Amino acid sequence: MKTISRQLIASLSLGLVMSNMTMAQSKQKLTLNNHIMENHPIHYRNIKVNDLNLFYRESGPTDAPAILLLHGYPTSSHMFRNLIPILSKKYHVIAPDLPGFGYSDAPDHQQFSYTFDHLAETVQAFIDKLGMKRFAVYIFDYGAPVGLRLAMNNPEKITGIVSQNGNAYEEGLSKEWNPIQKYWKDPSQENRLALKDFVSKEATQFQYYHGVSDPSLIAPESYTLDQKFLDRPGNIEIQLDLMKDYRTNVALYPKFHEYFRKHQPKMLLVWGNKDPYFLPAGAEAYKKDLPNAKLKFYDTGHFALETNAEEIGAEIFEFTGTLPQ
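A brief look at the structure comes next. What you are looking at is a predicted structure, and each value in this text was computed from that prediction instead of being measured.

## Things to note about the nonpolar core
Argument step 1. Grouped together as the largest cluster of nonpolar side chains are 63 residues, with contacts concentrated most on L68, F126, I161, M243, Y246, F260 and Y286.
Argument step 2. When residues of this core are assigned to their parent elements, the largest contribution, ten residues, is made by helix α9 (residues 235–263).
Argument step 3. Not counting chain neighbours up to four residues away, the residues in contact with M243 comprise Y73, Y142, I180, W184, L195, F198 and V199.
Argument step 4. Counting 29 residues, the second-largest nonpolar core is a separate cluster that includes I84, F140, V162 and V270.

Here it is in structure tokens:
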């Protein structure tokens, strides 16, 4: 009888242990599920700014610290599709399409001045209309001269800057810029027409694939969507106008550097080191004016988010945790 009792007690004890383990596992699973449910939906919105319809993506708690994501050429806010779900767990994320790109209006180049000053003025009106008082800004490619103009004009609004292949130094310009620089020096029709291949399907795919060690990581809808917008009637003239005006960004580099030295904004540099257009030297040059900037290179090309979104998202989380609110 005692043997049976001991066996019964042992069996009950084992059952209790197993039950507790199951409950603990269930609790862990519930915690995991709750974490998963922290993901916020992405809202696709439109807003009227200076008689233009601007499309933008928005996600995350509206009372959380804000981060403004500014895309580059030849893409749109679609380039942030993998980063937004990561950042929106802790941040209020806003990602507009610039005029002439994505789902925002693209008026004819004879009716709208496609200059970087004008793009920055439009984004300024955009953030003013949304009431963005304090925010970090993520700059990439064309988004860099737009975002840095915003930073210079609104230093009190900027909590920090993330530059992903967002150039601000002449050291960063590769030889791929030579045909464009030739057009700056001599804006003839011949030199303008020579740049039309930059908006071709082959050139767009080159930007995505060059320097990428595993091409299977590049989602085909990325460059396919970009090309769809590039191929719209009249869009080639828009892009050629912006290529011509890019010279004003280079002329403004000393002003950007002055802003860096004076205000010392917190800076995170995340850079694809195989970018055919913006060289690693351009990333390293930031340290001349911002010695405390954090620099991280990735073994990838121009569109680093296509291959390294999770790693870059983790770096941004660590960086933004140090920013003032």
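## Description of unusual backbone geometry
Argument step 1. Of note, the bond from Y73 into P74 is cis; its omega dihedral lies within 30 degrees of zero at 0 degrees.
Argument step 2. As for its placement among the helices and strands, P74 is situated in the loop between β3 (66–70) and α2 (84–87).
Argument step 3. Of note, D51 is a non-glycine position whose phi angle comes to about 65 degrees, a positive value.
Argument step 4. With respect to the helices and strands, D51 occurs in the loop between β1 (43–49) and β2 (52–59).

## A short note on the pairing of β3
Argument step 1. Burial of β3 is extensive: five of the five residues sit out of reach of the surface.
Argument step 2. As paired strands, β3 and strand β4 (residues 92–96) are joined by three bridges and run parallel to one another. Paired with A66 across the two strands is H92, which belongs to β4.
Argument step 3. In terms of strand pairing, β3 meets strand β5 (residues 135–139) through five bridges, oriented parallel. Note that in β5 the partner of L69 across the bridge is Y138.

Calculation notes
Residues numbered from 1 in each chain as written. Predicted model: local features only at pLDDT ≥ 70, side-chain atom pairs only at ≥ 80, totals over all residues. Heavy atoms only, no water. Core = buried A, V, L, I, M, F, W, Y, C linked by side-chain atoms within 4.5 Å. Buried < 20%, exposed > 50% of the residue type's maximum accessible area, 1.4 Å probe, protein only. Helix = DSSP H or I, 4+ residues; strand = E, 2+ residues; numbered from the N terminus. Contact = heavy atoms within 4.5 Å. Pairing = 2+ DSSP bridges.

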